[in-house]
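What follows is the residue order along each chain.
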Amino acid sequence: MAASTEITPEHSFASVIRAAGLKVTAPRLAVLTSLGDSGHATAEQLFETVSAGLPGTSLQAVYGVLGAFTTAGLVRRIEPAGSAALFERRVGDNHHHLICTGCRSVTDVECVVGEAPCLTPSDSAGFIVQTAEVTFWGLCPNCQSGTASTDL
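Residues numbered from 1 in each chain as written. Predicted model: local features only at pLDDT ≥ 70, side-chain atom pairs only at ≥ 80, totals over all residues. Heavy atoms only, no water.

## Brief notes about the pattern of salt bridges
Keep this limit in mind: By convention in these notes, a salt bridge is any Lys or Arg side-chain nitrogen within 4 Å of a carboxyl oxygen on Asp or Glu. Relative accessibility under 20% of the residue-type maximum defines a buried residue, over 50% an exposed one, and the middle range a partly exposed one, all with a 1.4 Å probe and only protein chains included. Under the scheme used here, helices are H or I runs from DSSP no shorter than 4 residues and strands are E runs no shorter than 2 residues, and both carry numbers assigned from the N terminus.
Summed over all chains, the structure comprises 5 salt bridges. Its salt-bridge partner being Arg90, residue Asp93 comes within 2.7 Å of it at the nearest N-O pair. A residue is classified by how much of its surface remains accessible, and Asp93, at 33% relative accessible area, is partly exposed. In this structure, Asp108 engages Arg90 in a salt bridge whose closest nitrogen and oxygen atoms are separated by 3.6 Å. One end of the pair, Asp108, is in strand E4 (residues 106–109); the other, Arg90, is in the loop between strand E2 (86–88) and strand E3 (96–100), and 18 residues separate them in sequence. Overall, the relative accessible area of 29% leaves Asp108 in the partly exposed class. The class for Arg90 is partly exposed, based on a relative accessible area of 25%.

## Details of helix H4 (residues 59–72)
Using the following cut-off: Helix span, as expected, comes to 1.5 Å for every residue beyond the first. Our arc is simply the arc of the directions from the helix axis toward the C-beta atoms.
For H4, with 14 residues, the first-to-last C-alpha span of 20 Å sits near the 20 Å given by 1.5 Å per residue. Buried residues of H4: Val62, Val65, Leu66, Ala68 and Phe69, and no others. Each buried residue of H4 lies within a common arc of 165° when the element is viewed along its axis, so the set occupies one face. Exposed and facing more than 90 degrees away from the buried side of H4 are Gln60 and Thr71.

## As for helix H3 (residues 43–53)
Listed as buried for H3 are Ala43, Leu46, Val50 and Ser51. All buried residues of H3 project into a common sector of 125° when viewed along the axis, lining one side. Facing away from the buried side of H3 by over 90 degrees, the exposed positions are Glu48 and Ala52.

## Notes on the pairing of E4
To keep it simple, the criterion reads: Any two strands with at least two DSSP-identified bridges between them are counted as paired.
Sheet topology places E3 next to E4; 4 bridges connect them, and they run antiparallel. Paired with His96 across the strands is Val109, a residue of E4. In this structure, the hairpin formed by E3 and E4 is closed by a connection of 5 residues, where Arg104 is found at a positive phi of approximately 70°.

## Comments concerning the nonpolar core
Where we set the bar: We call a set of buried residues a nonpolar core when its members are Ala, Val, Leu, Ile, Met, Phe, Trp, Tyr or Cys and they connect through side-chain atoms within 4.5 Å of each other. Pairs of residues are marked as contacts when any of their non-hydrogen atoms sit within 4.5 Å.
Judged by nonpolar contacts, the single largest core of 22 residues is most densely connected at Ile17, Val31, Leu46, Leu66, Phe69 and Phe87. Put simply, the parts of the chain that give this core at least two residues each are helix H1 (9–19), helix H2 (26–38), H3 and H4. Setting aside its immediate chain neighbours within four residues, Leu66 contacts Val31, Ala43, Leu46, Val75 and Phe87.

## So, the side chain of Arg28
Within the secondary structure layout, Arg28 lies in helix H2. Residue classification places Arg28 among the buried positions, given a relative accessible area of 17%. Apart from residues no more than four positions distant in its own chain, Arg28 is found in contact with Ile17, Leu22, Lys23, Val65, Ala68 and Phe69.

## Notes on the state of the cysteines
Applied cut-off: In plain terms, two cysteine sulfur atoms within 2.5 Å form what is called a disulfide here.
According to the stated counting rule, one finds 0 disulfides in the structure shown. No disulfide involves Cys140; its sulfur sits 3.7 Å from the nearest other cysteine sulfur, which is in Cys100. Its relative accessible area of 15% is what places Cys140 among the buried residues.

## What to know about the confidence of the model for the protein chain
Note the threshold: For every residue, the predictor reports its confidence as pLDDT, a number between 0 and 100.
For the protein chain, per-residue confidence averages 85 on the pLDDT scale, and 85% of positions sit at 70 or higher. Considering each helix and strand of the protein chain separately, the mean pLDDT is smallest for H1, with a value of 83, and largest for H4, with 96. Within the model, the stretch residues 1–7 combines pLDDT values under 50 with 2 contacts to residues more than four positions away or in other chains.

Set out below in structure tokens:
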């Protein structure tokens, strides 16, 4: 009887990276793992996490990995007004975001209509609209109750 092989996140992530046509490297595995753990993160936040396990990794290397992943469609980059770019692993759908104006936490929201592009412009100017990005701003439950951390 053949021994079973446990599939670890690193193996799964390596397969995902290869399937996107990219070379599997320790920084790429670390960034993808860290991004999965955080949900939505800035390059600087990912650098802090990655460099703890890979001390030789630079912030520029993390930016390079994120750029390659974004181009390959492995991560999505969102740019909330007045904030650093955020990266997330949830791709391939047209979900939106709720962002707290107090603590800046980010929560995913399903498409407001259910299918892309969710919204239709009053005049498409000849464009074929494929996606719409919607950002809802407000106070999260913790900030409403005054229990949010101010360590951001």
